[in-house]
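# Notes for the structure review
Spelled out, the chains give:
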Amino acid sequence: MAKIGRELTLAGLTPDQLRILADGGTITDLPTGTQDYLRSFVATAGSDGIMRLHKEFAALGTPEGNAHATALADAVLAISHERVAIGDNHFGSYDELPQEMRDTISTRYGSGPDSNSDARFFSSQSFADIGSLLASSSPESLPGEQLGVELGRQVANLELLARDAAEYRPSHGGMNVGSLTKSPYDQHHYNSAIEDMMSVATRNPDVSAALLSGTTHDGAQISGYEPHNTLIPLMTREWDNTENITSMFEWIATDAQSDDPDQRARGQQGFRDLVDVTTNHETSTGTNSFHDLMHTSGGTLGQLNPALAQQLAVASVPYMNALGGMHNSLSGFDDISNISPGDSVRFMTLIAGDPEAAHMLHSHIEIQRSINAYDAVSQDYSGAMIAGETNGKLQLFFESALEADRSHRENFAHEVGQLESEKSEARRDFIRGTIGLIPHPAVGIGAEAFPLMFGDFTTPDGLVNYDTFPRAVEFNETHRGLTLSQLHAIAIAEGVPLERYPADLTVDSGEGSRLMTVQEIEPLYRERSGEVRFLSAELEQAIRDHGGGASLDPIRKGSEWAANHADGNVGNRDDYTRLSDGAWNWRKPDEN
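Below is a short write-up of the structure. Just so it is clear, the structure is predicted and the values come from calculations on it, not from any experiment. (Residues numbered from 1 in each chain as written. Predicted model: local features only at pLDDT ≥ 70, side-chain atom pairs only at ≥ 80, totals over all residues. Heavy atoms only, no water.)

### A closer look at the overall build of the protein
A tally of regular secondary structure across the protein gives 29 helices and four strands. Considering only contacts within the protein whose residues lie at least 6 apart along the sequence, 73% involve residues at least 24 apart. For the protein, the exposed area adds up to about 23800 Å²; of that, 48% sits on carbon and sulfur atoms. (Helix = DSSP H or I, 4+ residues; strand = E, 2+ residues; numbered from the N terminus. Contact = heavy atoms within 4.5 Å. Areas by Shrake-Rupley, 256 points an atom, 1.4 Å probe, with all protein chains shown as cover.)

Right, here's the structure in full:
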């Protein structure tokens with residue numbers, strides 16, 4: 001047994017090879033002897049042999065035994081990966097795994113929407129054992145795309161079985177006998193399998209992208225698959241380890257920074273798919289995904305899984321303008337088709353269910369609106385007006401989302417067990433790294449302008465650190481139209497000299513006067529709200545005196561147009577129901 005463990009360790013992929021896979025590359029330099037060994041070992045050992053060997057390694061309880069168990073699991077993942085060459089013109093695949101292992105992973109028993117078997121051929125223990133095997137792999141080891149997709153589908157199906165564990169119990173032969181006796185034995189094994197399998201599946205962004213879209217990275221349709229049937233059970237589970245679900249969406253924002261156009265396209269399509277899946281009010285199977293996410297076993301999505309709501313906010317960072325309705329020909333997001341106002345508000349409503357996520361979302365919006373205002377100065381009249389309109393819609397959609405969340409809490413308090421007053425208790429949950437350092441992917445702001453605008457929450461590289469952006473702001477109409485922060489950005493873009501600024505918007509740095517940053521301006525909305533209007537008027541006049549009226553007017557016109565034509569009222573049960581059912585439109589009723 002020790003000899004097998006050492007051989008498996010020697011046959012494993014190197015750290016460099018694992019990094020190549022993680023970056024989307026292909027491994028073609030495995031020695032012939034290693035290729036032959038991996039294929040021969042997996043084929044000869046079979047599912048029973050692999051599972052038995054894993055248990056024996058784990059039972060040793062020694063560092064060496066654990067290392068050998070990891071090497072075994074790594075070998076299984078490597079042999080399944082479509083981008084690992086394991087022979088002449090032959091690459092890994094799901095079909096390289098033993099038949100019984102594939103049958104266990106891919107047979108989805110029950111009456112769930114993605115089930116494919118009426119008969120129960122495998123015990124709950126068998127799922128837990130496979131989950132334990134795969135989860136013992138090294139964190140850098142990625143599953144192949146098909147293996148990961150099959151794991152994700154099985155996890156969603158097992159989640160539904162775990163919820164319904166009271167409705168059946170296996171007989172001694174492992175078959176369902178229709179007993180109504182509760183089976184905590186089954187539920188325990190299902191939950192173990194769910195956590196372990198999901199922790200492996202979501203390591204590979206291609207897997208998560210495929211589960212969101214229903215197509216593999218090469219455009220092939222996943223047979224018999226409907227994304228909402230898998231995603232909604234996954235997102236409405238109360239996870240023991242929230243990283244198992246939040247990591248499923250981490251790549252959506254980080255892909256926006258990639259130099260690889262394929263990865264950027266994957267991130268954009270992933271965000272579009274995420275919005276589609278979560279806001280769909282009429283799926284192909286007749287369900288309402290948005291309703292299901294707002295009515296979980298623990299209240300709204302944000303109440304049940306605050307870390308997930310925060311991850312949705314993170315995923316939206318580079319794509320704010322798309323949520324604001326900016327056409328993809330102007331937003332730079334070629335792979336994000338038009339997102340409807342209703343979908344934008346529903347998506348923001350899901351985020352708003354967690355107070356911390358709501359503050360994060362507001363931070364993104366305020367930063368984006370300042371960036372848009374800065375960028376609009378270099379646009380023609382039409383482009384500047386569209387920037388202003390987008391800014392207006394972003395704020396209005398956000399206000400509507402807050403209203404929708406409040407309305408839901410008030411009208412369905414008997415379901416969620418919480419009142420609106422609890423929303424003031426902002427919680428900081430468990431999403432690691434939170435937002436990090438994510439730039440806007442397509443905006444002409446030089447590194448020198450970022451610190452002027454955003455001060456201490458920028459890095460030396462000119463990236464905005466959203467984690468430090470001030471969040472304790474009042475969400476009200478003082479943020480509508482051309483805000484002081486947006487005027488500040490326009491003034492910087494126009495090159496308004498320091499001496500023309502209102503004195504109250506400058507500070508003494510110890511080395512002379514300098515402009516306030518957005519970080520310093522933001523508290524004015526709370527501490528000196530009565531003066532904000534006058535400071536805005538003074539700053540606007542300074543911009544005009546400097547010759548900036550030509551850029552200022554279309555931005556204001558676009559922003560005011562959005563505000564004047566919007567119906568942001570979703571504050572009663574009927575309006576909330578219209579939003580949930582897809583009948584709400586952002587325009588005022590007499591304009592629809």
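### Describing the environment of serine 124
The residue serine 124 is located in helix H6 (residues 124–135) in this model. Considered as a pair, serine 124 and asparagine 191 are 67 residues apart in the sequence and their alpha carbons are 9.6 Å apart.

### A short note on the packing of aromatic side chains
Going through the model one piece at a time under the given rule, you end up with five aromatic pairs. Where tyrosine 37 meets phenylalanine 41, the ring centres are 6.1 Å apart and the plane angle is 20°; that geometry is what we call stacked. Within this pair, tyrosine 37 and its partner phenylalanine 41 are both found in helix H3 (residues 32–60), separated by four residues, close to a single helical turn. By relative accessible area, which is 13% here, phenylalanine 41 ends up buried. Centre to centre, the rings of phenylalanine 271 and tyrosine 319 are 4.9 Å apart; their planes meet at 20°, and the pair counts as stacked. One end of the pair, phenylalanine 271, is in helix H13 (residues 261–279); the other, tyrosine 319, is in the loop between helix H16 (306–315) and helix H17 (320–323), with 48 residues separating them in the sequence. For the pair shown, phenylalanine 271 and tyrosine 319 are each scored as buried. Each member of the aromatic cluster is reached from another via a ring pair, and the members are Phe271, Tyr319, Phe333 and Phe347. When the ring centre of tryptophan 239 is taken as reference, the NZ or CZ atom of arginine 237 above it lies at 5.0 Å. (Phe/Tyr/Trp six-rings, centres within 6.5 Å; stacked < 30°, edge-to-face > 60°. Buried < 20%, exposed > 50% of the residue type's maximum accessible area, 1.4 Å probe, protein only. Lys NZ or Arg CZ within 6 Å of the ring centre and 35° of its normal.)

### A closer look at H6
Because each turn of an α-helix spans 3.6 residues, side chains separated by three or four positions in sequence point in the same direction. In this model, H6 (12 residues) spans 17 Å end to end at C-alpha, consistent with the 16 Å of a helix rising 1.5 Å per residue. Counting buried residues in H6 gives nine out of 12 residues, a clear majority hidden from the surface. Burial in H6 covers these residues: Ser124, Ser126, Phe127, Ala128, Asp129, Ile130, Gly131, Leu133 and Leu134. (Expected span 1.5 Å × (residues − 1).)

### Here's the deal with the pattern of salt bridges
A complete count under the given rule lists 24 salt bridges for this structure. One salt bridge connects lysine 393 with glutamate 389, and the closest N-O pair in it is separated by 2.9 Å. Pair noted here: lysine 393 and glutamate 389 are both in helix H21 (residues 381–411), with a separation of four residues, about one helical turn. Classification of lysine 393 as buried rests on a relative accessible area of 11%. Within this structure, Glu540, Arg544, Asp553, Arg556 and Glu560 form a network of salt bridges that share partners. (Salt bridge = Lys/Arg side-chain N within 4 Å of Asp/Glu carboxyl O.)

### Comments concerning the packing of helix H7 (residues 145–163) against helix H9 (residues 205–213)
Where H7 meets H9, the closest approach of the two axes is 9 Å, and the angle between their N-to-C directions is 55°. Classified by the angle their axes make, H7 and H9 are oblique. For the pair H7 and H9, the sense of crossing is right-handed. In this structure, H7 uses Glu145, Gly148, Val149, Gly152 and Arg153 to contact H9, whose residues at the interface are Asp206, Val207, Ala210 and Leu211. Partitioning the contact of H7 with H9 into residue classes produces four nonpolar, two polar and three charged. (Axes fitted to C-alpha atoms, helices over the stretch in contact; angles between N-to-C directions. Parallel < 35°, antiparallel > 145°, perpendicular 65-115°, else oblique. Left-handed = near helix turned anticlockwise from the far one by under 90°. Nonpolar A, V, L, I, M, F, W, Y, C, P; charged D, E, K, R; others polar.)

### Some points on the side chain of glutamine 35
Along the chain, the position of glutamine 35 falls in helix H3. Take glutamine 35: its relative accessible area is 8%, and that puts it in the buried class. Setting aside anything within four residues of it in sequence, one finds glutamine 35 in contact with Leu30, Ala85, Ile86 and Gly87.

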